[in-house]
Amino acid sequence: MKKAYRIKKEREFQHVYHHAQTYANRQLVLYVYPKPEQAHFRVGLSVGKRIGNAVMRNKVKRYLRQSLQDLEHEIPHEYDYLLIARPDIKDKDQATVRQSLRHVMTVAKLLSSHS
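Quick summary incoming for the structure in this document. Every value quoted in this text rests on a predicted model; they were computed, and no experiment measured them. Each chain has its residues counted from 1, following the order in which its sequence is written. Two thresholds apply to this predicted model, a pLDDT of at least 70 for residue-level local features and 80 or more for giving and counting side-chain atom pairs, whereas whole-chain, interface and lining totals are computed over all residues. Working from all heavy atoms in the structure, the side-chain values ignore hydrogens and water.

Considering the overall build of the protein
Counted only if it meets this: Numbering goes from the N terminus for both helices and strands, where a helix is a DSSP run of H or I of at least four residues and a strand is a run of E of at least two. With the radius of gyration taken over C-alpha atoms, the globule rule is written as 2.2 Å times the number of residues to the power 0.38. Relative accessibility decides the category of a residue: with a 1.4 Å probe and only protein chains considered, values under 20% of the type maximum give buried, values over 50% give exposed, and everything between is partly exposed. Working rule for contacts: check all heavy atoms of both residues, and any pair within 4.5 Å makes them a contact.
Across its full length, the protein carries three helices and four strands. Taking 13 Å as the expected radius of gyration for a compact globule of 115 residues, we find that the protein reaches 13 Å, a close match to that expectation. Once the C-alpha set of the protein is aligned to its principal axes, its extents read approximately 35 × 35 × 25 Å. Out of the 115 residues belonging to the protein, those deemed buried represent 39%. Pairs at least 24 residues apart make up 77% of the contacts formed inside the protein by residues separated by at least 6 positions.

In structure tokens form, the structure reads like this:
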């Protein structure tokens with residue numbers, strides 16, 4: 001995932017956090033903020049210390065970035081997204097994380113349920 005597609009600044013992160021629609025499942029919380037003028041979606045990832053040590057947190061972030069890359073062509077581009085990992089995600093494998101991301105995006109009506 002290109003760095004231009006990431007939300008890194010605290011100010012932008014907080015803006016999306018406070019003004020976005022929220023959707024959740026057991027592993028993830030998704031914040032969705034519309035930005036119709038942008039050509040590509042942007043994503044901010046948050047994996048807190050409750051997930052585990054640095055190795056575990058980095059693994060979860062890697063899995064989330066890879067899942068976003070796999071779903072890139074299905075995800076609407078006119079939004080900013082924040083993904084917050086919940087503690088239940090730490091024992092999941094790559095396929096389960098992708099399935100969880102797909103589920104929360106389907107709940108948010110960003111992906112069709114049959115894809």
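Don't stop here, the text continues.
Section: the packing of aromatic side chains
Counted only if it meets this: Only the six-membered ring of Trp is used, alongside the rings of Phe and Tyr, when aromatic pairs are assigned; centres must lie within 6.5 Å, and planes under 30 degrees apart are stacked while those over 60 apart are edge-to-face, with the rest tilted.
For the coordinates displayed, the defined rule picks out three aromatic pairs. Taking the centre distance of 5.1 Å and the plane angle of 40° together, the rings of Tyr-17 and Tyr-31 count as tilted. Of this pair, Tyr-17 sits in helix 1 (residues 10-19) while Tyr-31 is found in strand 2 (residues 28-34), placing the two residues 14 residues apart along the sequence. Ring geometry for Phe-41 versus Tyr-81: centroids 5.8 Å apart, planes at 75°, classification edge-to-face. Within this pair, whereas Phe-41 is found in the loop between strand 2 and strand 3 (42-46), its partner Tyr-81 is found in strand 4 (residues 79-85), the two being separated by 40 residues in sequence. Like Tyr-81, Phe-41 is buried. Following the ring pairs from residue to residue traces out a cluster consisting of Phe-41, Tyr-79 and Tyr-81.

Side note on unusual backbone geometry
In this structure, Lys-109 takes a positive phi of about 60° despite not being glycine. Within the secondary structure, Lys-109 is located in the segment after helix 3 (94-107). By relative accessible area, which is 73% here, Lys-109 ends up exposed.

Looking at helix 2 (residues 54-70)
Filter applied, for reference: Expected helix span is given by 1.5 Å per residue-to-residue step, counting one fewer step than there are residues.
A rise of 1.5 Å per residue sets the reference length of helix 2, with its 17 residues, at 24 Å; its end C-alpha atoms lie 24 Å apart and thus fit the reference within 8%. Among the structural elements, strand 2, strand 3, strand 4 and helix 3 are those in contact with the buried residues of helix 2.

Here we look at the pattern of salt bridges
Here is the rule: Salt bridges, as used here, are contacts in which a Lys or Arg side-chain nitrogen is within 4 Å of a carboxyl oxygen on Asp or Glu.
Taken as a whole and assessed by the stated rule, the structure comprises six salt bridges. Note that Asp-70 is salt-bridged to Arg-98, the shortest N-O span being 2.8 Å. Taken together, the residues span a long stretch of sequence, with Asp-70 in helix 2 and Arg-98 in helix 3 at a distance of 28 residues. Judged by relative accessible area, Asp-70 falls into the partly exposed class, the value being 34%.

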